[in-house]
Amino acid sequence: MAFWNRPVRYRTHGADYLGSLFAEGGLPWKLIQNDSHGFGRAVKAGLRRYHQCRSEGRDLVQVIREYSGYFPQSFQTDEKCQLLASIVETLMMLAEPHDLSGKDDPAGYLNLHYPQWRAEFPLPLEEDNGYTLVNEWLRDAGVRLAERKRSEAMARYFTCEHLLDGRPERGRLLAEVTLAPSLQLKLDGRKLGSTRIELALYEGEQLVLKLGAAYGRLERDALEIKLPAQALQCRRRSPENPLLLTCWCAGEKLHSVTIQSSEVDWHQLPTTFVEDDDDIRLVGTASVRSEASSVLVRIPPHLQIQNPSVSLDTTDSEGGRWYRIEGHTVITDQGSSYIIEPGCSTGAERVELLGVLSPYDTLPVATWLGWPGFALRNSASDEKQPQALRIDNRLVSQLNGHAGIGSFRVDLLGEERQVVARRKVGVLPRDLSISAMSASSMTPARVLIKSSYVLDVAVLNDSLRADIRKEPGAVTVFLVPDECHRRPERVLLRISDPDTHADGVVIRLPYPEEGALLLGPDGKLFEEQHLNIGRILGMTLVMTPAPSARQPFHLSLELMGSGGALRRHYTYDAANASVQISLFSFYDDLQSLFSSSAEQDALVRVRVETSRQLKQFYIRRYDASIRFTNPPLRTFFELADQNGHSLDLGAKPATVLAMQVDSPETSPVELQPQVVMESICTGIFEMPERLQKDGPWLLYPAADSKRFFRPVIYVPDPASLVLDEDKEVTTLQSAARYFHPRLSPDPFDAVLEKMAGNFMHSSWLYLAELKKCYEHIPLSALEAWKHLARHPRAMALAVFRLEMDSHFATRLVQELAVIWERITVSQWMKAVDIYAESLSSQFGIPAEQIRQRAEHRMELLANQVPAFRYLAASIGSGKGAAQTSSMPLKAVIPVWLQQMRLQQEDAQWPVNLNESLIRWLKRQDDYAWMLSLPMPGFMLPVCIIPVLSAFITAGCTDLSELTDDDAELRFGIRVLTDFDRNGWYEPVYSAVLSELLKTSRNH
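Attention here is on the structure that accompanies the text. (Residues numbered from 1 in each chain as written. Predicted model: local features only at pLDDT ≥ 70, side-chain atom pairs only at ≥ 80, totals over all residues. Heavy atoms only, no water.)

### A word on the overall build of the protein
Here is the rule: Helix and strand assignments follow DSSP, with helices taken as H or I runs no shorter than four residues and strands as E runs no shorter than two, numbered in order from the N terminus. Residue burial is assigned from relative accessible area. The probe radius is 1.4 Å, only protein chains are included, and a residue is buried under 20% of its type maximum, exposed over 50%, and partly exposed in between. Every residue pair with non-hydrogen atoms within 4.5 Å of one another is taken to be in contact. For accessible areas, the Shrake-Rupley method is used with a probe of radius 1.4 Å. Any residue's cover is judged against the shown protein chains and nothing else. Only four residue types enter the tally: Lys and Arg on the positive side, Asp and Glu on the negative side; His and the chain ends are excluded. To locate a charge, the coordinates of NZ of Lys, CZ of Arg, CG of Asp or CD of Glu are taken.
In terms of helices and strands, the protein carries 24 helices and 52 strands. Along the three orthogonal principal directions, the C-alpha set of the protein runs to about 115 × 80 × 70 Å. Within the protein, buried positions represent 53% of all 1003 residues. Within the protein, contacts between residues at least 6 apart in sequence are counted, and of these 63% link residues at least 24 apart. If you sum the accessible surface of the protein, you get close to 46,000 Å²; carbon and sulfur atoms cover 47% of it. Computed over 108 positive and 127 negative side-chain charges, the inter-centroid distance for the protein is 3 Å.

Structure (structure tokens):
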């Protein structure tokens, strides 16, 4: 040791010469490889617990020491533990920046991309066995890295971040919401009539975004839902309220998920932002640590900043003061302090509430069954508990020591008792159950509240007299309407804890009156007979059975004039409680009924029945129409309601715009109503001089119009639109100009045929302009969309040419009854070929790159186009369906059928197209055996529809082989394919399609 000028280590027994030599020379590889000595076990344990140690602030050496008892005696030293810990740290530092997860030969990868890694490794790597072992460790480090990435990704599920929407002076926020790929709902024995789930995002009680339908797969007592989107954006209106993802089935709410970090109460708390390129991103509320050296902080007017050197940057429209802060700053209000710390080594933390949300309509909106857990999570997704909680100004060190029911203000506190986060939460007993019974001849209406907790219950309605009776485990509230007041539509119950002084939780229940009631968004009775589809948001249908009785309610949606053929039907069992149905959750069903009719004034009747009719009303697309007051000149018009009555527009008229149908890129013309005096409108509109030429014109409502009236075509000079016999229509612009339902009904077809083979056809720009600038107009109001929807080849190319996303693809299904399965595999492949060849020749982009782009587009639309889910790669490559071993259909289909029957035994099986489908299947020699499978006859349509769809997509049959009316066909297919889509329709569709393509290829 003296020769090398290195120190000798000393132990309790004296000089440790051998240990000193080993400390200088590292560790012998043969000893490390020997499992009996524990070195390899220590390294693997260090890799496994590396991220845990980092998040807990522990030294990795502590983990290695736990295994030092397995080392040879002379190696049980601190130096050897330090050396092994440095090996683990080096392995992870190599794995993270070079992303070694999934690499079969990580050492070889490093040799190629980072050759100096050997020199940086704590041990020499000259021996082959040492190189092999380190390669194994690197693979293990890659696995731990992949696990960490998965953990971080899962920690971001159902969370959101906020950006400043515009400049600080505007004071608006934009939320970016991250969802999970799927969501599992526990049913707890609840029977579902359908596996189609409607998803919506709410801000408190207000709907902010409709996500559309998702299809679940039943697995025992749970429903697994694949969510249609994972990234959402929405502008915040009331950011102090939480965002909630709600799941609805046939109008009933199944589940709600709180979007973590969605409550931003910047009216009461300081909010901190950092500048991220062109964005200003929110990093936290209340006390915040940020890695950025400079932050923007918004402070409400009532808070005081304690740093006099900080200067005011700006003030927003709501009085918020904006400061740029570059050092430790304290902000105070009465009894609370907030610390802003830029330039920290650790970033901001977000608060998460973990628990079960109450299924009731409550105030506060975020009310939980039992106390939720509170956790703080940093940017690396490591979780920790707050130092303490302050609940209604009472300091609590542990949550389980604070029992209470009610509404609370909860402050999460940091080490210096600064407020890290604040939440307003409601807490109800975990075992709470509420049932309501209507009045009988002997007993008034009553609400029964059961819980093992002792509760105080009060009725807040002035128009009700309440008789509250308590007994062990239950409170019964008898409700008697005051004779001087009208009976309320909702009962407001305040539930509180008699042992605390906390505010109570208000539960809002429909008044239990036998029958069916329609309540508006304000909770008041809606008694009109007609409404348009845009008004159903927030409307609730309440169905209440007779007292102490179990009663089925039948709800039907029927397109008038269809003879009952176009009809959706739902049954709800109610027992000792009202059933509340969200009318808006039927939006897709209503749209599918409307899309089956070419009539813009189509009418859907909604009827609720038991043994008698209880409620009936009608829903339309529009709430008004244009009526010309001086026919035949048609130069003046007014708006009329569905009963033909003129609308009194008052001081806020509808906004009427005019679009030149053959030139949608030009700015629309706004039509002004006649004015009698300032701010008083007559409701009469006069056609301006600009609209007396260059027609036809589409009169339509603006996106923010008070009235959503039916768009109408205005033709100033009908003679100018007569198409000469020798003139050919070559563009959609001309087709839109010369279209007439009687005189020239099909000028679009020839143009679409040319567009289907020409990616650069000028008419694609026409559709792109309609898609971009007129998205609020129903697609059915524009002839170009209606004709495109009936042209499969053009529709296939339109997916790529118009860069359709899932939202637009869903609109085509909802508003135009598009059947994506009608486009054959060969048509999809031809469309991709045209797409790739056109862009490659026009712009020099490699065709393979374009095909990859097409494949990505198909993956985005896999929820709407089932062929894409299984054949995207094959279609994108242009090589056709890949050679795969097809399933023995006669073996697997009976098994799938039995599973579906077991899971859907209580469902309402649709029987649309029954006779046509059976006749069609009988003609298919290779599949007619399905008719002999053991099942009741009413199940046959559901069982046959995936086979028919597969035949159509494979190009082996066409819808024309079914003799039903086109509207009945499209509606029936939509209804049947929605039934158990993930559990039956798509598996059978893909299996049969694969078999048909294989057979076709062999032939």
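### Regarding the pairing of strand 35 (residues 490-496)
Quick note on the threshold: One requirement defines pairing of two strands: DSSP has to find at least two bridges between them.
Sheet topology places strand 32 (residues 456-459) next to strand 35; four bridges connect them, and they run antiparallel. Pairing of valine 459 across the sheet is with leucine 493, part of strand 35. Both strand 35 and strand 36 (residues 505-510) contribute to a ladder of six bridges, which runs antiparallel. If you follow arginine 494 over to strand 36, its bridge partner there is valine 506.

### Some thoughts on the pattern of salt bridges
Counted only if it meets this: The term salt bridge refers to a pairing of a side-chain nitrogen on Lys or Arg with a carboxyl oxygen on Asp or Glu at a separation within 4 Å.
Enumeration according to the criterion identifies 50 salt bridges in this entry. In this structure, arginine 235 and aspartate 165 form a salt bridge, with 2.7 Å as the shortest nitrogen-oxygen distance. Residue arginine 235 is found in strand 9 (residues 231-235), and its partner aspartate 165 is found in the loop between strand 3 (159-164) and strand 4 (173-178); the two are separated by 70 residues along the sequence. Exposure remark for aspartate 165: the relative accessible area of 11% places this residue in the buried category. For arginine 487, the salt bridge identified is with glutamate 513, shortest N-O distance 2.5 Å. Of this pair, arginine 487 sits in the loop between strand 34 (474-481) and strand 35 while glutamate 513 sits in the loop between strand 36 and strand 37 (515-519), placing them 26 residues apart in sequence. Through salt bridges with shared partners, one network takes in Arg196, Glu198, Lys210, Arg568, Asp588, Asp589, Arg974 and Asp978.

### Comments concerning the nonpolar core
Put simply, the rule is: For the purposes of this section, nonpolar cores are sets of buried Ala, Val, Leu, Ile, Met, Phe, Trp, Tyr and Cys residues that join through side-chain atoms within 4.5 Å.
Counting 109 residues, the largest nonpolar core has Leu767, Trp785, Trp820, Trp828 and Ile893 as its most contacted members. In terms of residue count, helix 22 (residues 940-953) provides more of this core than any other element does, ten residues in total. Isoleucine 893 has contacts with Trp929, Met930, Leu933, Trp984 and Val988, leaving out every residue within four places of it along the chain.

### Digging into the packing of aromatic side chains
Note the following rule: Pairs were defined over the aromatic rings of Phe, Tyr and Trp, the Trp ring being its six-membered one, requiring ring centres within 6.5 Å. Orientation was assigned from the angle between planes: stacked under 30 degrees, edge-to-face over 60, tilted for the rest.
Enumeration according to the criterion identifies 21 aromatic pairs in this entry. Ring geometry for tryptophan 371 versus phenylalanine 408: centroids 4.9 Å apart, planes at 45°, classification tilted. One end of the pair, tryptophan 371, is in the loop between strand 23 (367-369) and strand 24 (373-377); the other, phenylalanine 408, is in strand 28 (residues 406-413), with 37 residues separating them in the sequence. The same class applies to tryptophan 371 as to phenylalanine 408, namely buried. Ring centres 5.8 Å apart and planes at 15° place the aromatic pair tyrosine 985 and tyrosine 989 in the stacked group. Of the two residues, tyrosine 985 and tyrosine 989 are both situated in helix 24 (residues 981-1002); the distance of four residues between them amounts to about one turn of the helix.

### Let's talk about the sheet that holds strand 33 (residues 464-471)
Defined as follows: To get an axis, fit a line to the C-alpha atoms, keeping to the stretch in contact for a helix; angles then go from 0 to 180 degrees between the N-to-C directions.
With antiparallel pairing, the four strands of this open sheet are ordered in space as 30-31-34-33. Each having just a single partner strand, strand 30 (433-437) and strand 33 make up the two edges of the open sheet. Averaged over all adjacent pairs, the angle separating strand axes in this sheet is 15°, with direction ignored. Pairing of strand 30 with strand 31 (residues 445-450) involves five bridges; the strand directions are antiparallel. Across the sheet, the residue bridging to methionine 437 is arginine 446, located in strand 31.

### Comments concerning unusual backbone geometry
Most peptide bonds take the trans configuration, and most residues that are not glycine carry a negative phi. With an omega of 0°, the peptide bond between leucine 363 and proline 364 qualifies as cis. Residue placement: proline 364 occurs in the loop between strand 22 (362-363) and strand 23. In this structure, phenylalanine 158 takes a positive phi of about 60° despite not being glycine. Tracing the sequence through the fold places phenylalanine 158 in the loop between helix 9 (128-155) and strand 3.

### Focus: empty space enclosed by the protein
Just so we agree on the cut-off: For each structure, a 1 Å grid was placed over the protein atoms alone; sets of points admitting a 1.4 Å probe that cannot get out are labelled cavities, open sets with protein on both sides within 12 Å along at least five of seven lines are labelled pockets, and lining residues have an atom within 4 Å of a point. Grid points are joined across faces, edges and corners, and a volume is the space filled by probe spheres set on the points. Residues are grouped as follows: Ala, Val, Leu, Ile, Met, Phe, Trp, Tyr, Cys and Pro are nonpolar; Asp, Glu, Lys and Arg are charged; all remaining types, including Gly, are polar.
On inspection of all chains with the given rule, the structure shows three cavities of 30 Å³ or more. Estimated volume of the largest cavity: approximately 80 Å³. The wall of the largest cavity is formed by Ala789, Arg790, His791, Pro792, Met795, Val818, Ile819, Arg822, Ile823 and Arg970. Broken down by class, the residue content of the lining of the largest cavity amounts to six nonpolar, one polar and three charged.

### Brief notes about the packing of helix 17 (residues 825-843) against helix 19 (residues 866-877)
Two numbers describe a pair of packed helices, the interaxial angle and the distance between the axes. What counts, and what does not: Any angle that is under 35 degrees is reported as roughly parallel, and any over 145 degrees as roughly antiparallel; angles of 65 to 115 degrees are reported as roughly perpendicular and all others as oblique. In a left-handed crossing the near helix is turned counterclockwise from the far helix by less than a right angle, and in a right-handed crossing that turn is clockwise.
Between helix 17 and helix 19, the shortest axis-to-axis distance is 10 Å and the interhelical angle comes to 45°. Comparing their axes, helix 19 and helix 17 come out oblique. Note that helix 17 runs across helix 19; the crossing there is right-handed. Across the interface between the two elements, Val825, Trp828, Met829 and Val832 from helix 17 touch Phe868, Leu871, Ile875 and Gly876 from helix 19.

### Things to note about the environment of serine 317
Put simply, the test is: Polar contacts here mean pairs of N or O atoms no more than 3.5 Å apart (in protein, one a potential hydrogen donor and the other a potential acceptor; neighbouring residues in sequence count only if both atoms are side-chain atoms).
Positionally, serine 317 belongs in the loop between strand 17 (312-315) and strand 18 (321-325). A relative accessible area of 60% means that serine 317 is categorised as exposed. Along the primary structure serine 317 and arginine 170 are separated by 147 residues, whereas in three dimensions their C-alpha atoms are 6.0 Å apart. If sequence neighbours within four positions are ignored, serine 317 has contacts with Glu169 and Arg170. Of note is the side chain of serine 317, whose polar atom sits 3.3 Å from the backbone oxygen of arginine 170.

### Considering the packing of helix 15 (residues 792-801) against helix 17
At a minimum axis separation of 9 Å, helix 15 and helix 17 run at an interaxial angle of 45°. By the angle between their directions, the pair helix 15 and helix 17 is classed as oblique. Judged by the sense of rotation from one axis to the other, the crossing of helix 15 with helix 17 is right-handed. For the pair helix 15 and helix 17, contact is made by Pro792, Arg793, Ala796, Leu797, Val799 and Phe800 and by Gln827, Trp828, Ala831, Val832, Ile834 and Tyr835, respectively. Its residues placed into classes, the contact of helix 15 with helix 17 shows ten nonpolar, one polar and one charged.

### Topic: the sheet that holds strand 44 (residues 613-620)
Read from one edge of the open sheet, five strands run 38-44-43-40-41, paired in mixed fashion. Each edge of the open sheet carries a strand with a single partner, namely strand 38 (530-532) and strand 41 (567-575). Each strand of the sheet is rotated relative to its neighbour by a mean of 20°, with strand direction disregarded. Of the strand pairs in this sheet, strand 40 (residues 550-559) and strand 41 are connected by nine bridges, and their pairing is antiparallel. Counted as the bridge partner of serine 556 is histidine 569 from strand 41. Across the sheet, helix 10 (residues 587-595) lies against strand 40, strand 41, strand 43 (603-609) and strand 44, angled at about 35° from strand 40, the strand it touches most.

### Some thoughts on helix 20 (residues 889-903)
Where we set the bar: One fewer than the residue count of a helix, multiplied by 1.5 Å, yields its expected span. Summarising the geometry, the arc corresponds to the directions from the helix axis toward the C-beta atoms.
Along its 15 residues, helix 20 runs 21 Å from first to last C-alpha, staying within 8% of the 21 Å computed at 1.5 Å per residue. For helix 20, every residue scored as buried is listed here: Leu889, Val892, Ile893, Trp896, Leu897 and Met900. All buried residues of helix 20 project into a common sector of 135° when viewed along the axis, lining one side. Among the exposed residues of helix 20, those oriented more than 90 degrees off its buried face are Lys890 and Leu902.

### Here we look at helix 16 (residues 806-816)
For helix 16, a buried count of eight out of eleven residues is recorded, marking the element as mostly surrounded by other parts of the structure. Taken together, the buried residues of helix 16 touch strand 7 (206-219), helix 10, helix 13 (763-773), helix 14 (783-788), helix 15 and helix 23 (966-978). Alanine 817 occupies a position one or two residues after helix 16 and carries a positive phi of about 55°.

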